[in-house]
Amino acid sequence: MRYISTRGNAPALNFEDVLLAGLASDGGLYVPENLPRFTQEEIASWAGLPYHELAFRVMRPFVEGSISDTDFKQILEETYGAFAHSAIAPLRQLNGNEWVMELFHGPTLAFKDFALQLLGRLLDHILLKRGERVVIIGATSGDTGSAAIEGCRRCENVDIFILHPHQRVSEVQRRQMTTILGENIHNIAIEGNFDDCQEMVKASFADQSFLKGTRLVAVNSINWARIMAQIVYYFHAALQLGAPARSVAFSVPTGNFGDIFAGYLARNMGLPVSQLVVATNRNDILHRFMSGNQYFKETLHASLSPSMDIMVSSNFERLLFDLHGRNGVALAELMSTFKATGKLSVEEDRWVEARKLFDSLAVSDEDTCATIADVFKRTGEVLDPHTAIGVKAARECRRNLSTPMVVLGTAHPVKFPDAVEKAGIGKALELPAHLSDLFQREERCTVLPNAIEAVQAFVAQHGNRGKPL
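A quick note: this is a predicted structure, and the numbers were derived from the prediction, not measured.

Peer 1: Could you give an account of the overall build of the protein chain, with specific residues and numbers?
Peer 2: Counting its secondary structure elements, the protein chain contains 18 helices and 15 strands. Relative to the globule expectation of 23 Å for 469 residues, the C-alpha radius of gyration of the protein chain, 21 Å, shows essentially globular dimensions. With respect to the principal axes defined by its C-alpha atoms, the protein chain has extents near 60 × 50 × 50 Å. Residues classed as buried in the protein chain amount to 61% of the 469 residues present. Across the protein chain, contacts joining residues at least 24 apart in sequence account for 76% of those joining residues at least 6 apart.

So this is what it looks like as structure tokens:
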């Protein structure tokens with residue numbers, strides 16, 4: 001398997017190099033040169049497989065030539081063996097043909113665990129083989145940071161620096177990051193918003209001279225391994241609901257477009273997905289594109305669903321690449337225009353093509369709380385605010401009531417007590433046993449100004465297990 005850049009001017013890489021590269025040298029994102037496609041018979045034969053075995057079958061083509069089958073099977077078994085529910089991603093029925101896929105049974109109670117627990121093990125495997133050491137710099141709007149730290153905390157050849165917007169993540173999210181202590185773990189609170197953090201990460205990849213020769217690795221959803229791992233649970237859910245003999249629809253809470261892009265890839269790999277609903281909050285750049293072909297920056301607003309408080313969706317470029325016939329030159333011109341003007345639209349026929357699969361909805365904080373309250377009243381289930389947005393969008397955008405609709409349950413509600421409290425359901429939420437002492441644990445975090453020079457100086461000073469790089 002070879003990987004190419006969406007902007008068409010970077011060398012093709014194998015899986016190992018893509019894992020370590022993150023962003024392509026031309027500023028683009030790596031995608032498979034050719035997507036594997038499975039027959040309906042193959043997919044049907046996977047029904048009933050344990051999650052790690054299904055993951056092996058779905059992901060094997062992406063790593064072939066870089067990781068042996070034996071090693072990859074062991075990595076997957078260890079990754080998903082650490083999850084608290086034996087089904088790994090259980091389905092919870094809300095009504096006759098509406099389901100929530102619970103993606104929060106990993107160590108940090110969020111869907112990011114599916115990819116980042118795997119990413120840490122893949123890095124360990126490949127860096128040990130190569131005898132290399134790397135620096136990870138990641139930006140988080142809440143959940144990626146804790147999942148990345150948890151996934152990489154034991155990696156012998158990794159120093160990890162996670163940027164989050166100061167005082168703009170929930171207390172549980174912050175503590176899940178800042179209470180994991182280790183010489184190779186560094187939490188940085190930036191006096192700005194998530195997009196500021198993300199821009200610093202992108203700029204650091206573009207010019208890595210501050211690292212003095214050490215390689216930089218991405219853990220954000222621009223890293224192909226993140227997308228690859230998320231494809232699996234679309235197959236997992238669809239198989240439980242009768243696929244491939246019947247099609248399935250999905251509603252996906254998303255800000256960075258990575259999770260829903262994985263669903264788009266699952267469809268292109270042969271899974272019968274009839275509809276993908278982009279569910280987002282008032283920071284609605286994706287909804288504005290899907291509903292009106294207008295993709296442009298606006299003021300970023302804080303919401304009850306902070307993991308989607310994102311102004312620019314990094315992974316959207318991967319879809320645009322396909323919509324432009326995988327023409328890297330055309331895509332590079334489009335992204336250059338967006339960088340200069342802060343807005344873009346695509347030709348009408350390309351937008352119409354996207355709308356054949358995608359629908360979207362932007363959901364207010366008020367409607368988020370109302371949905372949490374309604375679902376609790378009718379089912380006794382407590383949703384986190386992001387999942388509630390997914391449920392609201394599914395109900396508003398659903399095309400066919402006879403097609404099963406799966407909402408991706410992206411986080412445990414205990415991570416967002418403010419939203420649950422505002423919904424007025426009157427149910428006390430308790431942290432799972434492995435996090436029961438979270439509020440008593442020591443925190444370690446550094447607050448830095450919204451300036452890339454300050455961040456890069458901190459990384460250079462504290463890398464290599466506390467020794468200057």
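Past the structure itself, the notes keep going.
Peer 1: Mind laying out the packing of aromatic side chains, listing which residues take part and the relevant values?
Peer 2: Counting across every chain of the model gives 23 aromatic pairs. With a centroid separation of 4.9 Å and 75° between ring planes, the pair formed by F289 and F316 is classed as edge-to-face. Here F289 is found in helix α11 (residues 285-292), whereas its partner F316 is found in helix α12 (residues 316-323), with 27 residues between them in sequence. Both residues of the pair, F289 and F316, count as buried. Among the aromatic side chains, those forming a connected cluster through ring pairs are F257, F261, Y264, F289, Y295, F316, F338 and F358. Lying across the ring of F56, K73 places its NZ or CZ 4.9 Å from the centre.

Peer 1: Got a sec to walk through unusual backbone geometry? Specific residues and values, please.
Peer 2: That bond from A243 to P244 is cis: its omega, 5°, falls within 30 degrees of zero. Examined against the element boundaries, P244 turns out to sit in the loop between α9 (224-240) and β9 (248-253). With a phi close to 65°, L109 is a non-glycine residue in the positive phi region. Within the fold, L109 resides in the loop between β4 (98-102) and α5 (112-130). Given the relative accessible area of 3%, L109 is considered buried.

Peer 1: Describe the UniProt feature "domain: Threonine synthase N-terminal" (unreviewed entry) in the protein chain, and please don't skip the residues or the numbers.
Peer 2: Summarizing the sequence annotation, UniProt attributes the feature "domain: Threonine synthase N-terminal" (unreviewed entry) to residues 2-80 in the numbering used throughout. Taken end to end, residues 2-80 comprises 48% helix and 8% strand; its first and last C-alpha atoms sit 26 Å apart.

Peer 1: Which residues make up the sheet that holds strand β3 (residues 91-95), and what values do they have?
Peer 2: Spatially, β3-β4-β14-β9-β10-β13 is the arrangement adopted by the 6 strands of the open sheet, whose pairing is mixed. The sheet terminates laterally at β3 and β13 (358-362), the two strands that pair on one side only. Geometrically, the sheet is characterised by an average inter-axis angle of 25° between neighbouring strands, direction not taken into account. Direction of pairing for β9 relative to strand β14 (residues 405-409): parallel, over a ladder of 3 bridges. Bridge pairing links F250 to V406 in β14. Where α11 meets the sheet, it contacts β10 (273-280) and β13, and its direction lies at approximately 130° from that of β13.

Peer 1: How would you sum up the pattern of salt bridges? Please name residues and give values.
Peer 2: As enumerated under the stated definition, the model contains 29 salt bridges in all. Residues R130 and E16 are paired through a salt bridge, measuring 2.8 Å at the closest nitrogen-oxygen approach. Residue R130 is located in helix α5, and its partner E16 is located in helix α1 (residues 15-21); the two are separated by 114 residues in the primary sequence. The exposure class of R130 is partly exposed, given its relative accessible area of 28%. In the salt-bridge network here, residues are joined through shared partners; they are E16, D17, K129, R130, E132 and R215.

Peer 1: Break down the packing of helix α3 (residues 51-63) against α9 for me, citing the residues and quoting the values.
Peer 2: With their axes 9 Å apart at the nearest point, α3 and α9 run at an angle of 135° to one another. With respect to α9, the axis of α3 lies oblique. At the point where α3 passes α9, the crossing takes the right-handed sense. Of α9, the residues touching α3 (which contributes Y51, L54, A55, V58, M59, F62 and V63) are W224, M228, A229, I231, V232, Y233, F235, H236 and L239. Across the contact of α3 with α9, the residue classes break down as 15 nonpolar, 1 polar and no charged.

Peer 1: Any details on the state of the cysteines? Residues and values, ideally.
Peer 2: Each disulfide consists of one covalent bond between the sulfur atoms belonging to two cysteines. Inspection of every chain in the model, using the stated rule, returns 0 disulfides. The cysteine C197 is free of any disulfide, with C445 supplying the nearest cysteine sulfur at 11 Å. No disulfide involves C397; its sulfur sits 19 Å from the nearest other cysteine sulfur, which is in C369.

Peer 1: So what about the environment of G263? Which residues, and what values?
Peer 2: Inspection of the secondary structure assignment puts G263 in helix α10 (residues 258-268). Spatially, the C-alpha atom of G263 lies 20 Å from that of I4, the residues being 259 residues apart in sequence. Setting aside chain neighbours within four positions, we find G263 in contact with Y234, V273 and L276.

Peer 1: Could you give an account of the nonpolar core, naming the residues involved and the relevant values?
Peer 2: Membership of the largest hydrophobic core comes to 114 residues, with the highest contact counts inside it found for F15 and F235. In terms of residue count, the dominant contributor to this core is α9 (13 residues). Every residue in contact with F235, bar those within four places of it in the chain, is listed here: F38, I43, W46, L54, V58, A266, M269 and L271. Counting 26 residues, the second largest nonpolar core, distinct from the first, contains M308, V375, V382 and I425.

Peer 1: Go over the sheet that holds strand β15 (residues 446-448), please, and point to the residues and values.
Peer 2: The sheet built from 5 strands is open, its strands ordered β8-β5-β6-β7-β15 with parallel pairing. Pairing within the sheet leaves two strands with one partner each, and these edge strands are β8 (215-217) and β15. Neighbour-to-neighbour, the strand axes of this sheet turn through a mean angle of 30°, independent of strand direction. Of the pairings in the sheet, the one linking strand β7 (residues 185-190) to β15 comprises 3 bridges and is parallel in character. If you follow A189 over to β15, its bridge partner there is V447. Running over the sheet, helix α6 (residues 143-152) touches β5 (134-139), β6 (158-165) and β7 and is turned about 170° from β6.

Peer 1: Before we move on, can you summarise the pairing of β3 with the specific residues and values?
Peer 2: Relative to β4, β3 is paired through 4 bridges, and the arrangement is antiparallel. Each bridged residue has a counterpart across the sheet, and for Q93 the counterpart in β4 is W99. In textbook terms, the turn of a hairpin is the stretch between consecutive antiparallel strands, and for β3 and β4 this stretch comprises 2 residues.

What counts and how
Residues numbered from 1 in each chain as written. Predicted model: local features only at pLDDT ≥ 70, side-chain atom pairs only at ≥ 80, totals over all residues. Heavy atoms only, no water. Helix = DSSP H or I, 4+ residues; strand = E, 2+ residues; numbered from the N terminus. Rg over C-alpha atoms; globule rule 2.2 N^0.38 Å. Buried < 20%, exposed > 50% of the residue type's maximum accessible area, 1.4 Å probe, protein only. Contact = heavy atoms within 4.5 Å. Phe/Tyr/Trp six-rings, centres within 6.5 Å; stacked < 30°, edge-to-face > 60°. Lys NZ or Arg CZ within 6 Å of the ring centre and 35° of its normal. UniProt positions renumbered as here; feature names shortened; annotations may be inferred. Pairing = 2+ DSSP bridges. Axes fitted to C-alpha atoms, helices over the stretch in contact; angles between N-to-C directions. Salt bridge = Lys/Arg side-chain N within 4 Å of Asp/Glu carboxyl O. Parallel < 35°, antiparallel > 145°, perpendicular 65-115°, else oblique. Left-handed = near helix turned anticlockwise from the far one by under 90°. Nonpolar A, V, L, I, M, F, W, Y, C, P; charged D, E, K, R; others polar. Disulfide = S-S within 2.5 Å. Core = buried A, V, L, I, M, F, W, Y, C linked by side-chain atoms within 4.5 Å.

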